[in-house]
Amino acid sequence: MYDYIIVGSGPAGCVLANRLTEDSDASVLLLEAGGSDRRLIVQMPAAVPFAYMRKDLGWGYQAGPEPHLGGRCIDEKRGRVLGGSSSINAMIFNRGNPEDFDGWATLGLPSWSWSRCLPYFERMETFADSPSEWRGSSGPLKVSRCKADFPIYDDFLRAGEHAGFTVTPDHNGRTQEGLHIAQAYIGDGVRSSAANAYLRPVWDRANLHVRTVVHVTRVLMDGERAVGVEVASRGGIERIECNREVILAAGAFGSPQLLMLSGIGDPDTLRQHGIEVNLPLRDVGEHLENHPGVNLQFTTDAKHSLMSRLGPVGKARLGLEWLLLRRGLGTTNFFEAGAFLRTNPNVAYANLQLEFLPLVRYLEAGKLKARAGFNFWIDLSRPASRGRVRLRSANPFDAPSIVFNHLADSSDLRVLVDGVRLTREIVAQAPLGTKCKAEFAPGAAVNSDAALEAWVAQNVGTSYHPSGTCRMGTGAGSVVDAAGRVHGATALRVVDASIMPRTVTANISAAVYMLAEKISDEIRDKSPLAA
Ligand SMILES: Cc1cc2nc3c(=O)[nH]c(=O)nc-3n(C[C@H](O)[C@H](O)[C@H](O)COP(=O)(O)OP(=O)(O)OC[C@H]3O[C@@H](n4cnc5c(N)ncnc54)[C@H](O)[C@@H]3O)c2cc1C
């Protein structure tokens, strides 16, 4: 019998599988619903748009109908493959703002202050740059500073300076705020996914067992104690028991869904679905956060856009160089510059993130297209709106019902509109302004408050950063304690994006790796790293 069963091989699941099996007397079974990640489109960074569009690598979820977006549904990608969403994501590496974690501490979670999280951010990475007291140099994840050698990246930074902002040398170091050259989970030209960084190097450990294409259908409970899981695989339905703990790392949608399927959740809802209540916990699936955003797009002459390097010859070269040498454009995720900015001086710290892409991408008849220009993904970093994840039915193979409630709080709409205006101000500056031909979307004519609000509401989309649905905390409103233990249960933890008490000012996966690293020490009864 295994000691630990971990459900889900995303960032959190892979960290835990690696760290728990450092103790040779502990055996771990890692279960993943998806299949192998040994695919070119997963491993080659430049193939990211193909990886996340592939139906066979994802769960195919739709969020909505969204009540504040006119009933629109949003395509919400989630990785269903070894490495979870880290095998299909955009690889942008951002830790978040120190204020985010100090904010967690003020919610009654003092062990999650920035100074206590920082050693774990350092432990998880090898940052390929000059050594610094803020960065790790021997961790499993390979993080690199993007080359950003195409001139328009620098034009963006200079335009930002002309608009009055500063360029920060390491936004994952002392100062997050400002414009920056981006950093990415890319090492030696390859995606540094959770599976590549944390699983492959320890694949041969005798105490680690990984099973893919195994869908966990519920946690087996004996009273309030978790004793194992029920799974569906090619071999049919199985019950697998464990000695010590079941750890859910199935992500912000998968973990609350599994708790509810196991009779842990709001009793009224569970009964509606005919599920026997094992543990009443009303907040399972509530408090869903996500970063909403919009694309602001501008056209340029082809020579100023990456499109000039992505013609038929350019694409062939990209593929060959990557296959033969792990070099060239195939090694980039294309998001090589960005910014963390305040939309007004009264907010305590940056509330807006920009991701800069030197081409315009858009969907036409369901197909991803590109044209010469540049694109800002404007992301609302600290949304006030909250959504929820619920069961559609007691059938574990039914997708959960997800509603983000984007723009439910009018302040979110305000910040996004201000963000569009602020980004336009940057674009108007030299040298970016002189290279810009026209605003492609929404178009310069969309300028009044009313017009911009309507455009944002029609176009707001997801940054794919769901969190908070099994929120960590000490009392009412929370699902797990500061070490991920489910309140009221024994031998059952949740460790993944779902336990974040509040989202972070960043793409969230670095925070997920960090929290799994930190909780792995708790599980192993190791003293926390020195603050
Ligand atoms: C398209 C996209 C782009 C993104 N870009 C970035 C980015 O650039 N930078 C960044 O920091 N973050 C990015 N993210 C977010 C980031 O990838 C996630 O926040 C992170 O992967 C969450 O980790 P997790 O361990 O909580 O869950 P996940 O990575 O979602 O992993 C959960 C795993 O559990 C498995 N699972 C779920 N249910 C079951 C079940 N019942 N049985 C068995 N297995 C199950 C899933 O298949 C999956 O492998 C992006 C996400 C997406 C989808």
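As a reminder, the structure under discussion sits directly above these lines.
Anyway, here's the lowdown on the structure attached to this text. (Residues numbered from 1 in each chain as written. Predicted model: local features only at pLDDT ≥ 70, side-chain atom pairs only at ≥ 80, totals over all residues. Heavy atoms only, no water.)

1. What about helix H6 (residues 151–162)?
- Helix length check: H6, at 12 residues, gives a terminal C-alpha distance of 17 Å against a target of 16 Å (1.5 Å per residue), a fit within 8%.
- Buried within H6 we find Ile152, Tyr153, Asp155, Phe156, Leu157, Ala159 and Gly160.
- One or two steps after H6, the chain reaches Gly164, where phi turns positive at roughly 105°. (Helix = DSSP H or I, 4+ residues; strand = E, 2+ residues; numbered from the N terminus. Expected span 1.5 Å × (residues − 1). Buried < 20%, exposed > 50% of the residue type's maximum accessible area, 1.4 Å probe, protein only.)

2. With respect to unusual backbone geometry
- Cis geometry marks the peptide bond from Gly64 to Pro65, where omega comes out at 0°.
- Checked against the element boundaries, Pro65 lands in strand E3 (residues 61–66).
- Between Ala430 and the following residue, Pro431, the backbone shows a cis peptide bond with an omega angle of 0°.
- The residue Pro431 is located in the loop between helix H11 (410–427) and helix H12 (432–435) in this model.
- Non-glycine residue Val213 carries a positive phi angle of around 55°.
- Topologically, Val213 is positioned in the loop between strand E11 (208–211) and strand E12 (215–222).
- The phi angle at His287 is positive, at roughly 60°, despite the residue not being glycine.

3. Examining the packing of H11 against helix H13 (residues 449–459)
- Between H11 and H13, the shortest axis-to-axis distance is 10 Å and the interhelical angle comes to 110°. As judged from the angle between their axes, H11 and H13 are roughly perpendicular. Residues Leu413, Arg414, Leu416, Val417, Val420, Arg421 and Arg424 of H11 lie in contact with H13, whose contacting residues are Asp449, Leu452, Glu453, Trp455 and Val456.
- Grouping the constituent residues of the contact of H11 with H13 by class yields seven nonpolar, no polar and five charged. (Axes fitted to C-alpha atoms, helices over the stretch in contact; angles between N-to-C directions. Parallel < 35°, antiparallel > 145°, perpendicular 65-115°, else oblique. Contact = heavy atoms within 4.5 Å. Nonpolar A, V, L, I, M, F, W, Y, C, P; charged D, E, K, R; others polar.)

4. Let's talk about the site of the ligand
- For the ligand, the set of nearby residues contains 37 residues, the closest of which are Glu32, Ser85, Ile92, Val216 and Ser509.
- Contacts to the ligand include Ala12, whose backbone N or O atom sits 3.2 Å from an oxygen atom.
- At 3.1 Å from an oxygen atom of the ligand is found a side-chain nitrogen or oxygen belonging to Trp59.
- Here the ligand, which alone exposes 1000 Å², has 97% of that area covered by the protein.
- Of all elements in the fold, only helix H1 (11–20), E12, helix H8 (251–261) and helix H14 (509–523) reach the threshold of two or more residues within the shell around the ligand.
- Looking at the shell around the ligand residue by residue, the classes come out as 19 nonpolar, 13 polar and five charged. (Near = heavy atom within 4 Å. Polar contact = N/O pair within 3.5 Å; in protein donor to acceptor, adjacent residues only side chain to side chain. Areas by Shrake-Rupley, 256 points an atom, 1.4 Å probe, with all protein chains shown as cover.)

5. What about the nonpolar core?
- The biggest cluster of nonpolar side chains holds 159 residues, and the ones touching the most others in it are Phe156, Leu259, Phe376, Val486, Leu492 and Met514.
- Not counting chain neighbours up to four residues away, the residues in contact with Val486 comprise Leu259, Ile264, Leu279, Leu281, Val479, Val480, Leu492, Arg493 and Val494. (Core = buried A, V, L, I, M, F, W, Y, C linked by side-chain atoms within 4.5 Å.)

6. Here's the deal with a nonpolar patch on the surface
- On the surface, Leu40, Leu320, Leu323, Leu324 and Leu325 cluster together into a nonpolar patch covering about 510 Å² of accessible area.
- For the nonpolar patch, the element with the most residues is helix H10 (residues 312–325), which contributes four residues.
- Tracing the backbone through its elements, the reader meets Leu323 in helix H10.
- In this structure Leu323 comes out as partly exposed when scored by relative accessible area, which is 49%. (Patch = residues over 30% accessible without salt bridge, like charges linked within 9 Å, V, L, I, M, F, W, Y side chains within 5 Å. Salt bridge = Lys/Arg side-chain N within 4 Å of Asp/Glu carboxyl O.)

7. Points about the packing of aromatic side chains
- Following the criterion strictly, the structure yields 21 aromatic pairs and no others.
- Geometrically, the ring pair formed by Phe374 and Phe376 is edge-to-face, given 6.0 Å between the ring centres and 85° between the ring planes. The exposure classification of Phe374 matches that of Phe376, with both residues buried.
- One aromatic cluster in this structure is built from Tyr153, Phe156, Phe298, Phe356, Phe374 and Phe376.
- Residue placement shows Arg382 over the ring face of Tyr349; its charged tip is 3.7 Å from the ring centre. (Phe/Tyr/Trp six-rings, centres within 6.5 Å; stacked < 30°, edge-to-face > 60°. Lys NZ or Arg CZ within 6 Å of the ring centre and 35° of its normal.)

8. Some points on the side chain of Asn290
- Topologically, Asn290 is positioned in the loop between strand E16 (279–280) and strand E17 (292–300).
- Looking at Asn290, its side chain comes within polar contact range of the side chain of His406, at 3.3 Å.
- At 2.9 Å, the side chain of Asn290 and the backbone nitrogen of His465 are in polar contact.
- Setting aside anything within four residues of it in sequence, one finds Asn290 in contact with Pro383, Phe404, His406, Thr462, Ser463, Tyr464, His465 and Pro466.

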